[in-house]
Amino acid sequence: MFNQLGVIGCGLMGGSFALALKRAGLVKRVVGYSKSPSTTELAKRLGVIDVAAESALLAVASSDIVLIAVPVAATESTFKAIRHLVEPHVLFMDVGSTKRDVVDTARRVLKERVGAFVPAHPIAGKESAGVAHADASLYAGRQVILTPLAQTAPELVQKATDVWSAIGSQVLKMTPENHDSAFAAVSHLPHLLAFAYFSAIMNQPAGRDFLSLAGPGFRDFTRIAASDPAVWRDILLANREEVMKQAQRFRHSLDAIEHVIRAGNPQALEDLIRGAAEGRSNWQIGSSRGTPGK
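Residues numbered from 1 in each chain as written. Predicted model: local features only at pLDDT ≥ 70, side-chain atom pairs only at ≥ 80, totals over all residues. Heavy atoms only, no water.

**Student:** Outline the packing of helix H7 (residues 176-202) against helix H11 (residues 240-263), listing residues and values.
**Tutor:** Running from N to C, H7 and H11 point in directions that differ by 65°, and their axes come no closer than 8 Å. Compared by their axis directions, H7 and H11 come out roughly perpendicular. When the axes of H7 and H11 are compared, the crossing they make is right-handed. Of the residues in H11, those touching H7 at Asp-180, Ser-181, Ala-184, Ala-185, His-188, Leu-189, Leu-192 and Leu-193 are Glu-242, Val-243, Met-244, Gln-246, Ala-247 and Phe-250. Taken together, the residues that form the contact of H7 with H11 break down as nine nonpolar, three polar and two charged. (Axes fitted to C-alpha atoms, helices over the stretch in contact; angles between N-to-C directions. Helix = DSSP H or I, 4+ residues; strand = E, 2+ residues; numbered from the N terminus. Parallel < 35°, antiparallel > 145°, perpendicular 65-115°, else oblique. Left-handed = near helix turned anticlockwise from the far one by under 90°. Contact = heavy atoms within 4.5 Å. Nonpolar A, V, L, I, M, F, W, Y, C, P; charged D, E, K, R; others polar.)

Below is the structure:
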């Protein structure tokens, strides 16, 4: 049980965390701050938070657990705003989709106080952003990746593990470098491809006509192209090196398929498709099956 949760960024992720802790009986009071006062007021009206703070620092004051749920590009300014109240007995976490940049920023800004910070990335979300879509069940059954620093207090890592587990999440731990490499492959590149592919269809002279004929397969393939533009701008830029490595791997794979199509080689094409189809059929969320070489 925590006396007070401070939420900085009362949108989908921060709001869902607050609701989850409330539903689980893990917190007595939630104080929230968002850059937009209208967001904070809506969060209060919806019962997501109990008190609207006028600043990030006031959201931290008297809190014994703090969740920073801001775009990764705003991490540095947020740390600077709250660093004087980052105390070693208070659990501070973020929900950023990239971790090396967040960890580097934490070291640079928090300095000797960085031991209170447990970097976290819950693998959850919706296409619809905003506190109006906050859901107490958002993190249930989902993985949460923790990437603690060498200086992070072990008792806070355990406390973070316990909190996420208590709201139904499966907690994994890895280095920030391994995290960013892995998620460039399975999250960041797919979003990049979805954005590029949908744009390519939409910007053709007959694009609107093509879209009018699209069915469930197209809908499923392009679903993530509707994701928040500002959020994904920040993620793709923050993890650009790893994303570009994965983009190059994708180009090699696409080149191989294009080569056998141009050559009119049906058996080679079928073999390439079968390898992908069997791997996808054997894959399950949270399982390494279907990912040879991992």
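Structure shown, so let's carry the discussion forward.
**Student:** Account for a nonpolar patch on the surface, with residues named and values stated.
**Tutor:** Judged by side-chain polarity, Ile-257, Ile-261 and Leu-272 come together as a nonpolar surface patch covering roughly 230 Å² of accessible area. With respect to the secondary-structure elements, Ile-257 resides in helix H11. (Patch = residues over 30% accessible without salt bridge, like charges linked within 9 Å, V, L, I, M, F, W, Y side chains within 5 Å. Areas by Shrake-Rupley, 256 points an atom, 1.4 Å probe, with all protein chains shown as cover. Salt bridge = Lys/Arg side-chain N within 4 Å of Asp/Glu carboxyl O.)

**Student:** I'd like a rundown of the packing of H7 against helix H10 (residues 229-238), residues and numbers included.
**Tutor:** Their axes nearest at 10 Å, the elements H7 and H10 cross at an angle of 125°. Here H10 runs oblique to H7, going by the angle between their axes. For the pair H7 and H10, the sense of crossing is left-handed. Residue-level contacts link Ser-187, His-188, His-191, Leu-192 and Phe-195 of H7 to Trp-232, Ile-235 and Leu-236 of H10.

**Student:** Tell me what's going on with the side chain of Ser-169, and back it up with residues and numbers.
**Tutor:** By the element assignment, Ser-169 lies in the loop between helix H6 (154-166) and strand S9 (170-173). A distance of 2.9 Å separates the side chain of Ser-169 from the backbone oxygen of Tyr-139, its partner in a polar contact. Excluding anything up to four places from it in sequence, Ser-169 contacts Tyr-139, Arg-142, Val-144 and Trp-164. (Polar contact = N/O pair within 3.5 Å; in protein donor to acceptor, adjacent residues only side chain to side chain.)

**Student:** Which residues make up the sheet that holds strand S8 (residues 143-146), and what values do they have?
**Tutor:** The mixed open sheet is built from three strands, whose spatial order is S7-S8-S9. Across the chains shown, the open sheet's two edge strands, defined by having one partner strand only, are strand S7 (120-122) and S9. Pairs of neighbouring strands in the sheet enclose a mean axial angle of 20°, with direction left out of account. As paired strands, S7 and S8 are joined by three bridges and run antiparallel to one another. In the sheet register, Ala-120 faces S8, and the bridge partner there is Leu-146. (Pairing = 2+ DSSP bridges.)

**Student:** Explain the side chain of Asp-94 to me, and be specific about the residues and the numbers.
**Tutor:** On the secondary structure map, Asp-94 appears in strand S5 (residues 91-94). On the accessibility criterion, Asp-94 (4% relative accessible area) is buried. Of the polar contacts made by the side chain of Asp-94, one reaches the backbone nitrogen of Gly-96; its length is 3.1 Å. Only 2.8 Å separates the side chain of Asp-94 from the backbone nitrogen of Ala-120, close enough to count as a polar contact. In contact with Asp-94, other than residues within four places in its own chain, are Leu-67, Ile-68, Lys-99, Val-102, Phe-117, Val-118, Pro-119 and Ala-120. (Buried < 20%, exposed > 50% of the residue type's maximum accessible area, 1.4 Å probe, protein only.)

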